[in-house]
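One-letter residues, chain by chain:
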Amino acid sequence: MLPHYSRPFVAKATSLAGAGLLALAVGCNRDQVSHFRVPKEAPSSDSPMAVMGETPSGMPPAAGDMPAPPRPAGPGSLKWSLPKGWSEIQGEGMRFATFKSPVPGKNEATVVVLPGAAGGELANVNRWRGQIGLGPIDEAALAASRVVVKTKAGALNVYDFTSEGQTKSRMVAGLISTPDGNTWFLKLTGDAGPVAKAKPDFMRILGSLSLD
């Protein structure tokens, strides 16, 4: 015959069993591995990716994440003249200015200014080539692609690249360093046809560069 237990004893046994299960659950949780996300270090202002506000993942930064570059003022600043029919819009973020041409179709000219060497000429040219689907080049090919335009602001290095494939994109880009330690990037980009029509005027803009 089974022994009879009173209710207090049953309650006590139930309480002890619950405590044992709780201790087992805590012990299991101690063996679990926790995962933490470590934020990646942001690119420095001298890296090629920082020139156009690009992030290591290739995605543009969220609004407000990228501080605007310092606006040059006083001696050493770059200035230019626009051909008839062109207009200028003050830039935001990493852009210093945007030029709109009267040529129909996809084409746009932009101006970016950054302190220092901004990653170096070869790195920036290869980044530009990558933006229109072209592979990187070396120092020898860089020199062969370079056209030097003499301006009142100094020597301006100009590059002209057209993508491959049926739908072609084209980029005409110039860069120049100014005595105040800044590097200026002036680019005309878009579909190959409209860029070809806008290029003569864009080259006039580059040729008009002078120091304030």
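For the structure, check the block above.
Regarding the overall build of the chain
Link 1 in the chain: Across its full length, the chain holds 4 helices and 9 strands.
Link 2 in the chain: From first element to last, N terminus to C terminus, the chain shows the α and β order α-β-β-β-β-α-α-β-β-β-β-α-β.
Link 3 in the chain: The buried share of the chain, taken over its 212 residues, is 34%.
Link 4 in the chain: Contacts in the chain between residues at least 24 apart in sequence constitute 54% of all its contacts with a sequence separation of at least 6.
Link 5 in the chain: Here the chain has roughly 13000 Å² of accessible surface; of this, 58% comes from carbon and sulfur atoms.

As for the sheet that holds strand β7 (residues 169-177)
Link 1 in the chain: Across the sheet, which stays open at both edges, the 7 strands sit in the order β2-β3-β4-β8-β7-β6-β5 with antiparallel pairing between neighbours. If you trace the sheet from one side to the other, it starts and ends with β2 (87-90) and β5 (147-151), each paired once. The mean angle between the axes of side-by-side strands here comes to 20°, regardless of whether they run parallel or antiparallel.
Link 2 in the chain: Here β7 runs beside strand β8 (residues 182-191); their pairing, made up of 9 bridges, is antiparallel.

Conventions adopted
Residues numbered from 1 in each chain as written. Predicted model: local features only at pLDDT ≥ 70, side-chain atom pairs only at ≥ 80, totals over all residues. Heavy atoms only, no water. Helix = DSSP H or I, 4+ residues; strand = E, 2+ residues; numbered from the N terminus. Buried < 20%, exposed > 50% of the residue type's maximum accessible area, 1.4 Å probe, protein only. Contact = heavy atoms within 4.5 Å. Areas by Shrake-Rupley, 256 points an atom, 1.4 Å probe, with all protein chains shown as cover. Pairing = 2+ DSSP bridges. Axes fitted to C-alpha atoms, helices over the stretch in contact; angles between N-to-C directions.

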